[in-house]
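As a plain string of letters, each chain reads:
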Amino acid sequence: MSRKSPPRSIAAQNFLSVLRLIDRTIIPRLIVLNNSKTTLKLVVARQRASVKNRSGEISSAQDLLAAILTLCTEDLPITYRLEAIPEPDSIENAHTAAAIVNAQSQSDDAFADELAKAYSFTRNGWILSAPPDCAYASLDAAARIATKAAGWAKLDDQGSNNPPLILVISDHLPDERTVSVEGAVTITATPPSLLGKLVSQWRSQSYKDG
């Protein structure tokens, strides 16, 4: 079993850093981000962010994500500064850190319940999905778990094509929470009452795929 975790990419670190800034900003601020090639100005208040277009309307989550990706994916260090601003109109229609993450995919309703409980990452630490109500602290904790789990690619000594599942039992959770890494491992924390159901679902999916 390989325990050495692949390093988190600079782009993945940048993305998480921008999300952290958004989540911790309560009082209205203009956040000016720069990577020496690109400058991005975000209007942020009450843990919600937007890039306003020329008509002053709140941007969509997809447009905001695209702007952040342009800044983050050049693998350059990012600096920022804060400027005080009046509270924007319709700030409730701006976007949380989790909404920005989930703007990367357009999932159908059949998987909505699963995605509401799942944090998923690539092997190099890029966050692909998160529960829509999660705070950055939870997202960051999941990212740390994913970084460790990414080094467990050889955990399955039987040579199965299905990534292994690790279960953690907790009496403090109302339902399961999952952290998964593409091609590596899935770690699920579940209350005892849901353990049997979760194992049955995993076995059924394994038989279906294998």
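Residues numbered from 1 in each chain as written. Predicted model: local features only at pLDDT ≥ 70, side-chain atom pairs only at ≥ 80, totals over all residues. Heavy atoms only, no water.

(A) Up close: the pattern of salt bridges. One pass over the structure, following the stated rule, counts three salt bridges. The closest approach of N and O atoms between Arg46 and Glu87, which form a salt bridge, is 2.4 Å. In this pair, Arg46 is assigned in the loop between strand E2 (39–45) and strand E3 (48–50) and Glu87 in the loop between strand E4 (79–84) and helix H3 (97–102), connecting sequence segments 41 residues apart. The exposure class of Glu87 is partly exposed, given its relative accessible area of 41%. Between Glu83 and Arg81 there is a salt bridge, with its nearest N and O atoms 3.1 Å apart. Note on Glu83: relative accessible area 29%, which makes it partly exposed. (Salt bridge = Lys/Arg side-chain N within 4 Å of Asp/Glu carboxyl O. Helix = DSSP H or I, 4+ residues; strand = E, 2+ residues; numbered from the N terminus. Buried < 20%, exposed > 50% of the residue type's maximum accessible area, 1.4 Å probe, protein only.)

(B) The arrangement of the confidence of the model for the protein in detail. On average, residues of the protein score 78 in pLDDT, and 66% of them are at 70 or above. Mean pLDDT across the elements of the protein ranges from a minimum in helix H4 (residues 112–115), with 54, to a maximum in E4, with 95. (pLDDT = per-residue confidence, 0-100.)

(C) Quick peek at the packing of helix H1 (residues 10–24) against helix H2 (residues 61–72). H2 packs onto H1 with a crossing angle of 130 degrees between their chain directions and a minimal axis gap of 9 Å. Taken as axis vectors, H1 and H2 run oblique relative to one another. Crossing hand, H1 versus H2: right-handed. Taking contact as the criterion, the partners of Ala11, Asn14, Phe15, Val18 and Ile22 in H1 are, on H2, Leu65, Ile68, Leu71 and Cys72. In terms of residue class, the contact of H1 with H2 is made up of eight nonpolar, one polar and no charged. (Axes fitted to C-alpha atoms, helices over the stretch in contact; angles between N-to-C directions. Parallel < 35°, antiparallel > 145°, perpendicular 65-115°, else oblique. Left-handed = near helix turned anticlockwise from the far one by under 90°. Contact = heavy atoms within 4.5 Å. Nonpolar A, V, L, I, M, F, W, Y, C, P; charged D, E, K, R; others polar.)

(D) Region of interest: the pairing of strand E8 (residues 177–181). Across the five residues of E8, four count as buried, placing the element largely inside the fold. In this structure, strand E5 (residues 118–121) lies alongside E8, joined through four bridges in parallel fashion. Across the sheet, residue Phe121 finds its bridge partner in E8, namely Val181. (Pairing = 2+ DSSP bridges.)

(E) Layout of the sheet that holds E4. Pairing is antiparallel in the open sheet, where four strands are placed in the order E3-E2-E1-E4. Two strands close off the open sheet at either side, each with one partner strand: E3 and E4. On average, each strand axis in the sheet is inclined to that of its neighbour by 30 degrees, with strand direction left out of account. Bridging between E2 and E3 involves three bridges; their strand directions are antiparallel. Bridge pairing in E3 links Ala45 to Arg48. Against the sheet, H2 touches strand E1 (29–34), E2 and E3, its axis set at about 135 degrees to E2.

(F) Highlighting the packing of aromatic side chains. If you walk through the whole model with that rule in mind, you get one aromatic pair. Their ring planes at 10 degrees and their centres at 4.6 Å tell us that Phe15 and Trp126 sit as a pair that is stacked. Placement of Phe15 in helix H1 and of Trp126 in the loop between E5 and strand E6 (127–129) is noted, with a sequence separation of 111 residues between them. Residue class for Phe15 comes out buried when judged on its relative accessible area of 0%. Taking relative accessible area as the criterion, Trp126 reaches 12% and is therefore assigned buried. (Phe/Tyr/Trp six-rings, centres within 6.5 Å; stacked < 30°, edge-to-face > 60°.)

(G) Summary view of unusual backbone geometry. One non-glycine residue, Arg46, adopts positive backbone phi at about 50 degrees. On the basis of relative accessibility, which here comes to 44%, the residue Arg46 falls in the partly exposed class. Here Gln47, not a glycine, exhibits a phi torsion of approximately 65 degrees, which is positive. Inspection of the secondary structure puts Gln47 in the loop between E2 and E3. Taking the relative accessible area as the measure of exposure, Gln47 reaches 32% and is therefore partly exposed.

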